[in-house]
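# Architecture at a glance
Here are the chains, one letter per residue:
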Amino acid sequence: MTHPKPLFAALSVELNPKKLKEPVKILPAGEFRANDGRPAECAAWILDSANAAVLVAAAAAKQAKTVIDYEHQTLRTAVNGKPAPAAGWFTTLEWREGDGLYALVEWTAAAAAAIEAKEYLYLSPVFTYDDNGRVQVLLHVALTNTPALDELPPLSVAVLSSMASLSLTPTQPETDMDELLEQLRWLLNLPVGSTADDVKAQLQKLMDQLKGDNTAAASVDLSALLASQQTQIAALSANQADPAKFVPIGVMQEMQAQIAVLTNQLQADKAGQLITAALSDGRLLPAQETWARDLGKTNFAALSTHLETAPRIAALSGTQTKGAPPAGAPGGAGEMDAATLAVCKAFGNNPDDVKKTMEALS
């Protein structure tokens with residue numbers, strides 16, 4: 001009876017560092033088993049000329065090269081999230097009757113150096129097989145140091161990997177459950193030591209969140225939900241990359257210009273008030289007014305600091321008459337003009353005395 005889904009196995013093959021440019025043996029011919037007793041589903045794995053021809057044809061028909069990775073990271077990357085760098089690639093398989101299946105590998109520089117230094121000694125092909133043990137598909141290959149098959153010669157094809165068969169049947173329920181728990185821990189971001197009860201509780205929380213307040217909600221298509229979320233995130237990212245779609249640049253620039261005008265006007269008003277007060281109490285001379293107003297427009301803070309520390313000159317903030325009008329008609333100054341009176345007032349001089357002095361000089 002044919003199994004509904006293929007079974008998987010990983011096989012180790014020892015490498016010869018001196019023959020890296022020659023084809024390497026991937027699988028042995030005939031029946032073979034692992035030292036640990038695998039396969040459990042059938043008497044042995046089987047590779048003969050018939051199914052080898054299928055593997056050779058499949059490799060030739062593939063557009064993409066078949067990868068050789070390190071320690072089967074291609075199988076584990078979905079769980080541990082780590083990258084799976086290539087150690088080498090091959091496109092052509094060769095069947096040698098009575099010997100096995102060979103591949104001419106294009107090694108990376110790093111992998112070649114590791115093999116020459118004997119840091120890695122074995123290849124470990126991963127393949128599918130049916131209930132009768134016949135090899136069906138060669139998936140990929142890995143460099144490894146954990147051999148388990150004695151039937152293959154050293155540095156050519158040596159041993160099966162100690163990695164457990166990835167059986168999709170209930171023949172290894174404990175192994176399958178452990179793998180399922182490991183994947184669920186990764187999916188739910190749970191610690192490595194989380195138990196099955198911890199996983200179940202976290203799953204229940206997730207189900208409750210997806211259902212919301214509607215406890216009678218139907219089951220959720222998680223794949224569709226994730227796809228929808230990813231689409232929304234992608235759209236949001238695209239929108240953020242072009243803010244002009246949501247905040248027109250012209251409007252922003254106009255607002256900035258208006259704010260600048262209002263800020264300058266406010267500072268000018270404040271500067272005017274400070275200058276008026278400073279002129280009245282003697283901190284500024286009339287001749288300094290233009291300078292102070294220009295400074296207030298360009299550097300209000302500097303003007304404010306200057307006026308805070310400037311001394312008040314009493315002679316410029318009052319008169320010798322204590323505010324009383326000087327003697328003589330219109331302010332006691334007779335026919336003195338307004339400019340002369342202003343000078344007298346600014347320096348605290350009696351207009352009559354100034355008038356007498358001017359008359360004496362004339």
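Bear in mind that the values here come from a model prediction, so they are computed numbers and not experimental data. (Residues numbered from 1 in each chain as written. Predicted model: local features only at pLDDT ≥ 70, side-chain atom pairs only at ≥ 80, totals over all residues. Heavy atoms only, no water.)

### Some words on the pattern of salt bridges
It is possible for side chains bearing opposite charge to pair when their charged atoms get close. Selection rule: When a carboxyl oxygen of Asp or Glu is within 4 Å of a side-chain nitrogen of Lys or Arg, the pair counts as a salt bridge. The rule is simple: take the accessible area with a 1.4 Å probe, protein chains only, and divide by the maximum for that residue type; under 20% is buried, over 50% is exposed, in between is partly exposed. Strands here mean DSSP runs of E at least two residues long; helices mean DSSP runs of H or I at least four residues long; both are numbered from the N terminus.
Under the defined criterion, the tally for this structure stands at 6 salt bridges. Here Arg283 makes a salt bridge to Asp281, at a shortest N to O gap of 3.0 Å. The same class applies to Arg283 as to Asp281, namely buried. With a closest N to O distance of 3.2 Å, Glu289 and Arg293 form a salt bridge. Placement of both Glu289 and Arg293 in helix α8 (residues 289-298) is noted, with a separation of 4 residues, approximately one turn of the helix. A residue is classified by how much of its surface remains accessible, and Glu289, at 27% relative accessible area, is partly exposed.

### As for the environment of Trp89
Filter applied, for reference: Residue contacts are defined here by distance: any two heavy atoms, one from each residue, within 4.5 Å place the two residues in contact.
Within the secondary structure, Trp89 is located in strand β6 (residues 86-90). A relative accessible area of 33% means that Trp89 is categorised as partly exposed. Distance in space between the C-alpha atoms of Trp89 and Val105 is 5.6 Å, their sequence separation being 16 residues. Contact partners of Trp89, with chain neighbours within four places excluded, come to Lys65, Thr66, Val67, Leu104, Val105 and Glu106.

### Re the confidence of the model for the protein
So the rule is basically this: pLDDT expresses, on a scale from 0 to 100, how confident the predictor is about each individual residue.
Counting all residues, the mean pLDDT for the protein is 74, and 67% of those residues have values of 70 or more. At the level of individual helices and strands, the protein shows its lowest average pLDDT in strand β12 (residues 159-160), which scores 30, and its highest in strand β7 (residues 93-96), which scores 95. A low-confidence stretch, residues 1-6 stays under pLDDT 50, and its non-local contacts, those more than four residues away or across chains, total 9 contacts. A low-confidence stretch, residues 239-243 stays under pLDDT 50, and its non-local contacts, those more than four residues away or across chains, total 1 contact.

### Re helix α1 (residues 49-61)
Because the α-helix completes a turn every 3.6 residues, residues three or four places apart line up on one side. To keep things clear, this is the line we draw: What a helix is expected to span follows from its residue count: subtract one and scale by 1.5 Å. Directions drawn from the helix axis to the C-beta atoms are what define this arc. Residues adjacent in sequence count toward polar contacts only when both atoms are side-chain atoms; beyond that, a polar contact is any pair of N or O atoms within 3.5 Å, and within protein one must be able to donate a hydrogen and the other to accept it.
With 13 residues, α1 extends 18 Å between its outermost C-alpha atoms, agreeing within 8% with the 18 Å of an ideal straight helix rising 1.5 Å per residue. For α1, the complete set of buried residues consists of Asn51, Ala52, Leu55 and Ala59. Along α1, the residues classed as buried sweep out an arc of 105 degrees about the axis, all on the same side. In α1, those exposed residues whose orientation departs by more than 90 degrees from the buried face are Ala60 and Ala61. Buried-residue contacts for α1 involve β2 (24-28), β4 (45-47), β7, β8 (100-103) and β11 (135-144). Where α1 begins, the capping side chain belongs to Asp48, and its oxygen is found 3.1 Å from the backbone nitrogen of Ala50.

### Topic: the sheet that holds β8
For clarity, the threshold we go by: The rule for pairing is simple: two strands pair if DSSP sees at least two bridges between them. Axis geometry follows a simple rule: fit a line to the C-alpha atoms, using only the stretch in contact for helices, then measure angles between N-to-C directions, giving values from 0 to 180 degrees.
Taken together, 3 strands build an open sheet; the order of strands is β2-β8-β7 and the sheet is antiparallel. Of all strands in the sheet, those bounded by a partner on one side alone are β2 and β7. With direction set aside, neighbouring strand axes in the sheet form an average angle of 30 degrees. One ladder, built from 4 bridges, connects β2 with β8; its direction is antiparallel.

### Re the packing of aromatic side chains
In plain terms, the rule: For Phe, Tyr and Trp, where Trp contributes only its six-membered ring, two rings pair if their centres lie within 6.5 Å, and the inter-plane angle classes them as stacked under 30 degrees, edge-to-face over 60, or tilted in between. By definition here, charges over rings are those cases where NZ of Lys or CZ of Arg is within 6 Å of the ring centre and within 35 degrees of the ring normal.
Per the stated rule, a full pass over the model turns up 6 aromatic pairs. With a centroid separation of 5.6 Å and an interplanar angle of 55 degrees, the aromatic rings of Tyr70 and Tyr120 are classed as tilted. Of this pair, Tyr70 sits in strand β5 (residues 66-70) while Tyr120 sits in the loop between α3 (109-116) and β10 (122-129), placing them 50 residues apart in sequence. Of the residues examined, Tyr120 reaches a relative accessible area of 16% and is grouped as buried. What links up through ring pairs into an aromatic cluster is the set Phe32, Trp45, Phe127 and Tyr129. When the ring centre of Tyr102 is taken as origin, the NZ or CZ atom of Arg96, which lies over that ring, is 3.8 Å away.

### A look at the nonpolar core
Definition in use: To define a nonpolar core, start from buried Ala, Val, Leu, Ile, Met, Phe, Trp, Tyr and Cys residues and group those joined through side-chain atoms within 4.5 Å.
Counting 33 residues, the largest nonpolar core has Leu27, Ile68, Trp107 and Leu143 as its most contacted members. Residues Ala278, Leu284, Ala292 and Phe300 belong to the second largest nonpolar core, which totals 9 residues.

### Topic: the packing of α8 against helix α9 (residues 300-309)
Condition: Working definition: roughly parallel below 35 degrees, roughly antiparallel above 145 degrees, roughly perpendicular at 65 to 115 degrees, and oblique for all remaining angles. Side-chain classes are defined by residue name, with Ala, Val, Leu, Ile, Met, Phe, Trp, Tyr, Cys and Pro counting as nonpolar, Asp, Glu, Lys and Arg as charged, and the others, Gly among them, as polar.
Remark: α8 packs on α9, axes separated minimally by 5 Å, with the N-to-C direction vectors making an angle of 130 degrees. Taken together, the axes of α8 and α9 are oblique relative to one another. In contact with Trp291, Ala292, Leu295, Gly296 and Thr298 of α8, α9 contributes Phe300, Ala302, Leu303 and His306. In terms of residue class, the contact of α8 with α9 is made up of 6 nonpolar, 3 polar and no charged.

### Considering the environment of Gly98
Position of Gly98 among the secondary structure elements: in the loop between β7 and β8. The exposure class of Gly98 is exposed, given its relative accessible area of 68%. For the pair Gly98 and Gly30, spaced 68 residues apart in sequence, the C-alpha separation works out to 7.3 Å.

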